[in-house]
Amino acid sequence: MALIECRELTKEYRRGENVIRPLQELDLEVEAGAFLALMGPSGSGKTTLLNLIAGIDQPTRGELIIDGEDVGKLSRSRLAAWRADYIGYVFQLYNLVPVLTAYENVELPLLLHPIKRRERHERVATALELVGLADRHDHYPRQLSGGQEQRVAIARAIVADPRIIVADEPTGDLDKPAAHAIMNLLTRLNQELGKTMIMVTHDAHTAEYAARTLHLDKGRLVESGAHIAAGAAMEAAS
Amino acid sequence: MRLLPLDYAVRNLGRSPLRLAMSVVGAMLVALLVLTASAFVRGMERSLIGSGSLDNVVLLGAGSEESIERSEIKASVASQAAASIHGIRSQLGQAYVSPEVHMALPVTGAPDTTTSNQVLIRGISAAAYLVHPQVRIVDGRAPRQGADEIMLGRLAHTRMGLTEDAASVGRSLYFEDRAWKIVGRFDAPGTVMNAEIWTPLNDLMVAARRDTISCVVLTLGDAEFADVDAFAKTRLDLELTALPEADYYGQLVAFYTPVRMMIWLTAGLIALCGLFGGLNTMYAAFVSRVREIGMLQSLGYSRRAIAISFAQESLIAAACGTLIAAVAGMMLLDGLAVRISMGAFGLRMDTTTLMLGLGAGLLLGLIGALPPTVRCLRMPIPAALKAA
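Numbering of residues starts from 1 in each chain and follows the order in which that chain's sequence is written. Labels are handed out in written order, letters beginning with A for the chains and numbers beginning with 1 for the ligands. In view of the model being predicted, local features appear only for residues whose pLDDT reaches at least 70, and side-chain atom pairs are presented and counted only at 80 or more, with totals across whole chains, interfaces and linings using the full set of residues. Side-chain measures here rest on the full set of heavy atoms in the structure, leaving out hydrogens and waters.

Structural notes on the side chain of glutamate 149 of chain A
- For glutamate 149 of chain A, the position within the fold is in helix α5 (residues 146-158).
- Burial status follows relative accessibility: with a 1.4 Å probe on protein chains alone, a residue under 20% of its type maximum counts as buried, one over 50% as exposed, and anything between as partly exposed. Only four residue types enter the tally: Lys and Arg on the positive side, Asp and Glu on the negative side; His and the chain ends are excluded. Throughout this description, the term salt bridge denotes a Lys or Arg side-chain nitrogen within 4 Å of a carboxyl oxygen of Asp or Glu. For the buried glutamate 149 of chain A, which has no salt bridge, the nearest side chain bearing the opposite charge is arginine 291 of chain B, at an N-O separation of 8.1 Å.
- Once residues within four sequence positions are removed from consideration, glutamate 149 of chain A is found in contact with Tyr94, Leu96, Pro141 and Leu144 of chain A. Secondary structure is summarised from DSSP: a helix means a run of H or I of at least four residues, a strand means a run of E of at least two, and numbering begins at the N terminus for each. Every residue pair with non-hydrogen atoms within 4.5 Å of one another is taken to be in contact.

Quick notes on the pairing of strand β10 (residues 178-187) of chain B
All names here are of chain B.
- Counting buried positions along β10 yields 7 of 10 residues, so the element is predominantly enclosed.
- Bridging between strand β7 (residues 136-140) and β10 involves 4 bridges; their strand directions are antiparallel. When the bridges of β10 are listed, glycine 140 appears paired with glycine 184.
- DSSP bridges decide pairing: two strands pair if at least two such bridges lie between them. In terms of strand pairing, strand β8 (residues 149-153) meets β10 through 5 bridges, oriented parallel. By the bridge assignment, glutamate 149 is partnered in β10 with lysine 181.
- Judged from the 4 bridges that link them, strand β9 (residues 172-175) and β10 form a sheet pairing that is antiparallel.

Details of the nonpolar core
- Working definition of a nonpolar core: buried Ala, Val, Leu, Ile, Met, Phe, Trp, Tyr and Cys residues. They are joined through side-chain atoms within 4.5 Å. One finds Ile4 of chain A together with Tyr301 of chain B to be the most contacted residues of the largest nonpolar core, which totals 60 residues.
- Once residues lying within four places of it in the same chain are set aside, the contact partners of tyrosine 301 of chain B are Leu108, Leu111 and Leu112 of chain A together with Arg2, Leu3, Leu4, Leu296 and Ile306 of chain B.
- If you look at the next biggest cluster of nonpolar residues, it comprises 41 residues, including Ile85, Val119, Met160 and Leu220 of chain B.

What to know about the layout of surface pockets
- Lining residues are those with an atom within 4 Å of a point, where the points come from a 1 Å grid over the protein atoms alone and group into cavities, where a 1.4 Å probe fits but cannot get out, or pockets, open sets with protein on both sides within 12 Å along at least five of seven lines. Grid points are joined across faces, edges and corners, and a volume is the space filled by probe spheres set on the points. A volume near 750 Å³ is recorded for the largest pocket.
- For the largest pocket, the lining is made up of 35 residues, of which Ile56 and Asp57 of chain A together with Pro380, Ile381 and Pro382 of chain B are closest to its centre.
- Per-element accounting of the lining of the largest pocket gives the leading share, 5 residues, to helix α2 (residues 76-86) of chain A.
- Its residues placed into classes, the lining of the largest pocket shows 12 nonpolar, 13 polar and 10 charged. Lys, Arg, Asp and Glu make up the charged group, whereas Ala, Val, Leu, Ile, Met, Phe, Trp, Tyr, Cys and Pro make up the nonpolar group; the residues left over, Gly among them, are polar.

As for the pairing of strand β3 (residues 35-39) of chain A
Residues and elements named next belong to chain A.
- Burial analysis of β3 places 5 of its 5 residues in the buried class, the great majority of the element.
- Here β3 shows no split at all, with Phe35, Ala37 and Met39 on one side and Leu36 and Leu38 on the other all buried.
- Where β3 meets strand β9 (residues 212-217), 4 bridges bridge the pair, whose relative direction is parallel. Among the inter-strand pairings, leucine 38 is bridged to a residue of β9, identified as leucine 214.

Brief notes about the environment of arginine 304 of chain B
- Within the secondary structure, arginine 304 of chain B is located in helix α11 (residues 303-333).
- Separated by 297 residues in the primary sequence, arginine 304 of chain B and aspartate 7 of chain B have C-alpha atoms spaced 17 Å apart.

Quick look at the interface of chain B and chain A
- The partner chain A presents 25 residues to the 21 residues of chain B that form the contact.
- Here the quantity called buried area is the accessible surface, traced with a 1.4 Å probe, that two parts lose on coming together, added over both. Contact between chain B and chain A buries roughly 2100 Å² in total, counting both sides, with carbon and sulfur atoms accounting for 63%.
- Considering only the surface of chain B that becomes buried against chain A, Arg2, Arg11 and Leu299 of chain B emerge as the three largest contributors, covering 29% of it.
- Our count for the contact surface shared by chain B and chain A stands at 1 salt bridge.
- A salt bridge links arginine 11 of chain B to glutamate 104 of chain A; the nearest nitrogen and oxygen atoms lie 2.4 Å apart.
- Here a polar contact is recorded for every N or O atom pair within 3.5 Å, except that within protein the pair must consist of a potential hydrogen donor and a potential acceptor, and residues adjacent in sequence are included only if both atoms are side-chain atoms. Where chain B packs against chain A, one counts 5 residue pairs in polar contact (both at pLDDT 80 or more).
- Listed by contribution, the elements that provide at least two residues to the side of chain B that touches chain A are α1 (6-13), α10 (290-299) and α13 (381-386) of chain B.

As structure tokens, then:
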């Protein structure tokens, strides 16, 4: 059974008299542990799909079933709790809280769970270790480079051990070496920790890290391609 | 519901020192304003209400119930009342019956000064100290009859617009075309008597060339007000009216109601301006963090948790300002003498005033945070994440 199932998933916005449909009757299944890249021109609906899967937006019609639960029908408060359990979000612009240290930023999602301070500390330390920033735990975002900030954001996304990690242009604001390091990290998380990864990108080279790429246009799925292996992209890039 | 750590709210305050300063100063000014208004109103009320003893009854001229200064009764009323009303308190044979003259006269600190302020001069006898037990001589001595001596209340110099030194024991004041030597200072805490000048009854009557007194104040022992009232009503020849002293000053409290209303209204309007200022500041603070709000929601924090964190942030800033205002109020305002037409009184920073000031400051913090928070949180998460 697929971890994520979209059935005739539709999202509509009303802007005056006009109805805008960034997503139209989309059907999709994503297996647990998959690494999926969403590509397409601006306005194609890829970020809308990502936001729906991340539970920060709700569909107008259709079903979005994740791990057997129709998240499109959850109330706002239940959806917030669901996000805390299921989703780790990696943003293009990192979105770290500037007044909190790297450690405290990573700790933020854990505060939503009934975890003892000691275990919290261990999990934050592990997450920072995993992204290679254990020695920068007391640094504030302004004291980190863009690549390091994104690694802290990734640590924040994985620290609560969510089943799905969504990434919106995770390398969009980084130079090539930093982007490569970030993609390697996301690939490792997918392969070693078995996290289901869904990533929006404009960059075909970045999409090659994913095992499967979906192309969207005008809210519809137009093409689906599978790469040989995500590891191949890692090797090719390096 | 899981809340954001308090640290988050505290550290967010440091994001913009200017904004923090504006929030703190805004709350401080509003709290200080409310503290001042409350201290003024409560100080005035306390001095008026405290001036009237529940056991005292005032006999004054019929038709002069609203102002003892306008009252004129025969000087013999005191001895007649003492003889006719049974149950007046007495001590060692001395009845608690105090004939008094109350006159508002222009008083100057120098003989050739043209500018003067009206001060209430009270002509008294020894019985005045019995019926007004609040009065305590704190410096010098009581004035002696026939020597043109006076004794000043603790706030009398404020009423006259003089420095404390210019009205100290040994100096002279001038009224009714003669010099009066200050021989004593008294304190009558929380009463209008603190702004008065006391002098022997006969000296004042001679100086003012009057043979009537203003009133007789007597303290009830076994007698009741009805006994005194009956005396006033049966002695038609004396044209008297009897008023409980507390009622007389109660009337003055009512007289000053419009003043108190104006003070509260002014304070309220200025506080409202402060609230709008606070709203603006907090809105600017929160709107610059819309993307962060979106991020926190995407992590799983509920809108309520974020709203509480923002309220904490605003409340902490407001609490800082309010506490500064409370300390400043205690140090600068408490007891500060204020001059009004009936005399002078000290601002009163009591528990109620402090609670009002603290409440106003904190309310400003809370209300100031709510609309900007609601506005920022109403934005859909995807839109918030795209915000600049």
